[in-house]
Amino acid sequence: MKRIRVAAGVITDNDKVLITRRAPKENFAGGWEFPGGKIEADETPEDCLTRELKEELNINVSIDKFCTEVTHDYGNININLIAYYCTITDGTIQISVHDKFKWVKINDLLKFELLPADILIAKKVMEDYHEKFLQI
């Protein structure tokens, strides 16, 4: 079984988070996900995320803090997904490998057809958001 490490950005703006939909010709087409990509052998997850978000969405981000790490077996591939909270610092979103992007309310994340590994990240994001909200 093929194993890959992937970095994902949980890009937030107040009570909203950015999700992207995989284009028809991509693996897992039509599934919504937190954007990111494969970590190269010589990269840290943070370096990968910075590079991938620039390549795929034309944005620069600041990586704020670690969110969670998830491993999911998709049958033919095992994905280790490392997610970080990020904020856009520069650029306007322009999609290249996705066919849609959407800013969604954090509480509405599970209403979308997220890929299985991304569902676990969404649950963590919702949990973190509710903890933060209750502390205010």
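Preceding this paragraph is the structure being described.
Caption draft 1: Here's a closer look at the nonpolar core. Within the largest apolar cluster, 26 residues are counted, with the highest numbers of intra-cluster contacts made by V10, F34, L109, I121 and V125. Breaking this core down by element, the ones donating at least two residues are β1 (2–13), β2 (16–22), β5 (60–73), β6 (77–90) and α2 (116–135). Residues in contact with I121, not counting those within four places in the same chain, are V10, F34, T68, V70, L81 and A83.

Caption draft 2: Fine view of the pairing of β2. Counted residue by residue, β2 has five buried out of seven residues, so it is predominantly covered. For β1 and β2, the ladder comprises two bridges, and the chain directions are antiparallel. In the sheet register, D13 faces β2, and the bridge partner there is K16. With antiparallel pairing between neighbouring strands as the criterion, β1 and β2 make up a hairpin whose turn holds two residues, including N14 at a positive phi of roughly 60°. With seven bridges joining them, β2 and strand β7 (residues 98–105) adopt antiparallel strand pairing. Pairing of T20 across the sheet is with F101, part of β7. The pairing of β2 with strand β3 (residues 32–33) spans two bridges and is antiparallel. Residue pairing for β3: T20 is matched across the bridge by E33.

Caption draft 3: Structural detail: the pattern of salt bridges. Applying the stated criterion to the full structure yields 10 salt bridges. One salt bridge in this structure joins E55 and R51, with 3.3 Å as the shortest N-O distance. Of the two residues, E55 and R51 are both situated in helix α1 (residues 45–57); the distance of four residues between them amounts to about one turn of the helix. Between K124 and D128 there is a salt bridge, with the nearest N and O atoms lying 2.7 Å from each other. On the criterion of helical spacing, the pair formed by K124 and D128 is a turn pair, its members being four residues apart in helix α2.

Caption draft 4: Main features of a nonpolar patch on the surface. There is a patch of nonpolar side chains on the surface, built from I95, F101 and W103 and spanning about 240 Å² of accessible area. Along the chain, the position of W103 falls in strand β7. Taking the relative accessible area as the measure of exposure, W103 reaches 31% and is therefore partly exposed.

Caption draft 5: Local environment of the pairing of β5. Bridging between β5 and β6 involves 12 bridges; their strand directions are antiparallel. For E69, the partnering residue across the bridge sits in β6 and is I82.

Caption draft 6: Structural detail: unusual backbone geometry. Of note in the backbone geometry, N14 takes a positive phi value of approximately 60° without being a glycine. For N14, a relative accessible area of 72% puts it in the exposed group. Positive phi outside glycine occurs at N58, with the angle close to 60°. By secondary structure assignment, the location of N58 is in the loop between α1 and β5.

What counts and what doesn't
Residues numbered from 1 in each chain as written. Predicted model: local features only at pLDDT ≥ 70, side-chain atom pairs only at ≥ 80, totals over all residues. Heavy atoms only, no water. Core = buried A, V, L, I, M, F, W, Y, C linked by side-chain atoms within 4.5 Å. Buried < 20%, exposed > 50% of the residue type's maximum accessible area, 1.4 Å probe, protein only. Helix = DSSP H or I, 4+ residues; strand = E, 2+ residues; numbered from the N terminus. Contact = heavy atoms within 4.5 Å. Pairing = 2+ DSSP bridges. Salt bridge = Lys/Arg side-chain N within 4 Å of Asp/Glu carboxyl O. Patch = residues over 30% accessible without salt bridge, like charges linked within 9 Å, V, L, I, M, F, W, Y side chains within 5 Å. Areas by Shrake-Rupley, 256 points an atom, 1.4 Å probe, with all protein chains shown as cover.

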